[in-house]
Amino acid sequence: MDGDSCLWLLGVILLLLACSACFSVCAAAFSHVNRLRLKSLAEAGNEQAAAVFALVEPGGALLPSIQMGRDMANICAAAVAAFLFGRLWGGLGAVVSVAVLAAVTLLLGVLLPQIWVRGRAEAMAMRLLWLSGALTTCFRPLCALAEWLGQRLSRPVRPGAAEAESEGGDADVMEEELRLLVDKARSDGGFDESESSLIRSAIGFGDLEVSDILTPRVDMVAVEDTASRDEIDRVFRETGFSRLPVYHEHIDGIVGVIYEKDFFANRANFTIERYLKTIPLVSPGMKISALLQYLQKNRIHLAVVMDEYGSVSGLVSLEDIVEELVGEIWDEHDEIVEDFRPLPGGACEVNGSLSLGKLFGHYGIRGESDSATVSGWVSEALGKLAAVGDEFERDGLCVTVTEVENRRVQKIRVVRCDVAKAVG
């Protein structure tokens, strides 16, 4: 092989490697962009940011197109290098070409692009917008073919499920990005622990339903519409509640609510019929963000939760909703109960009435359950009514039932299974 041919082939290899490096920079830039920052820039009128935000939509064709372009450039460069070095040095040339191309591709295709775009991914992505658009257009047919083949090979999805999953996944990605930003700000000293906890609570606030925070039916305190003034007085004084639901004949027949201030201001002439206030009935699946707006708009502090069969599931108050954001709020009438009490050996004593989401959040796990409380979760895991001493392992936690009252779990001992094995 003459010198001109070698130089020509070497130039082709260098050109292909340059294309691969350019594609790698493009992939690194678009992979590391902050979608929240892009969205903010787009809403401020930045057209390039809006275009980049549209391209990095989850499930889009941009990144697969860039990867296809980079892989094709690398494959072609490897093939030409193997041909060139094979002609020059025979069998040894193939080994040399593999070693050289692997090192150069690793350097140009992985390390340098990651370093170069660090801290300026959005700016780089907007500069490379023309290239990303060209690649997406060029490789769109191949991406569509690959997606079609993937759908054919995977199990069928019911109509509309894919769109719903995509929308839900997009929301989950945005929430996860927000949580990561909050964690980074806290680690960098921008937020303290209480501020970051409040923001994280606000992020997950919209996902919570009434069933996640309600006071269950068995813990409700209510009076019948035929109750005497002495009985109402006793219930108000014993419970310390400022409002009492009123029912007719049985607890499922809630007819309204009476206020402590009305009762004690007019005790001598107080009648339930005269001072009875309406109380809204809501479903367990209602979002607490929607309920909060309803209660604020109508200046109501209490709502009764009804299940699909028309029975009372429980009670939810404005205070319950606010506590999901700022934590427990105690007044002089409340009996202070610790949700998590540290025990020796890395264990905790957990209150059975605690929201299951708070238990999972405390241990940083993503457990799945149909129950709303720790007590229900325990019974679900055991498959029977719990008794003191019952033990089980679930979601990486070793659980022991320590207190049961009226067939309800009051206290459990919880320790991470890995911690329990290390101690044991």
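Look up a bit, the structure's there.
Residues numbered from 1 in each chain as written. Predicted model: local features only at pLDDT ≥ 70, side-chain atom pairs only at ≥ 80, totals over all residues. Heavy atoms only, no water.

A. The arrangement of the overall build of the protein chain in detail. A count of helical and extended segments in the protein chain gives 17 helices and twelve strands. Evaluated residue by residue, the protein chain yields a buried proportion of 35% over its 424 residues. In the protein chain, the share of contacts with a sequence separation of at least 24, taken over all contacts with a separation of at least 6, comes to 52%. Carbon and sulfur atoms provide 56% of the accessible area of the protein chain, an area that totals close to 24800 Å². (Helix = DSSP H or I, 4+ residues; strand = E, 2+ residues; numbered from the N terminus. Buried < 20%, exposed > 50% of the residue type's maximum accessible area, 1.4 Å probe, protein only. Contact = heavy atoms within 4.5 Å. Areas by Shrake-Rupley, 256 points an atom, 1.4 Å probe, with all protein chains shown as cover.)

B. Expanded view of the sheet that holds strand 10 (residues 391-394). Pairing in this open sheet of five strands is antiparallel, and the strands run 8-9-12-11-10 from one edge to the other. On the outer flanks of this sheet lie strand 8 (340-342) and strand 10, each paired with one strand and no other. The mean inter-strand angle of the sheet, taken between neighbouring strand axes irrespective of direction, is 30°. Where strand 8 lies against strand 9 (residues 348-351), three bridges are found, and the strand directions are antiparallel. Across the sheet, residue arginine 341 finds its bridge partner in strand 9, namely glutamate 349. Sheet contacts for helix 16 (residues 374-382): strand 9, strand 10, strand 11 (397-405) and strand 12 (408-416); angle to strand 10, the most-contacted strand, approximately 95°. (Pairing = 2+ DSSP bridges. Axes fitted to C-alpha atoms, helices over the stretch in contact; angles between N-to-C directions.)

C. Region of interest: the pattern of salt bridges. All told, the structure shown has ten salt bridges when counted by the stated rule. A salt bridge links aspartate 252 to arginine 217, with the shortest nitrogen-to-oxygen separation between them at 2.5 Å. Placement of the pair is aspartate 252 in the loop between strand 3 (243-247) and strand 4 (254-259) and arginine 217 in the loop between strand 1 (215-216) and strand 2 (223-224), with a sequence separation of 35 residues. Between arginine 237 and aspartate 233 there is a salt bridge, with the nearest N and O atoms lying 2.7 Å from each other. Of the two residues, arginine 237 and aspartate 233 are both situated in helix 10 (residues 229-239); the distance of four residues between them amounts to about one turn of the helix. When its relative accessible area of 10% is taken as the criterion, aspartate 233 is described as buried. In the salt-bridge network here, residues are joined through shared partners; they are Asp230, Asp233, Arg237 and Arg267. (Salt bridge = Lys/Arg side-chain N within 4 Å of Asp/Glu carboxyl O.)

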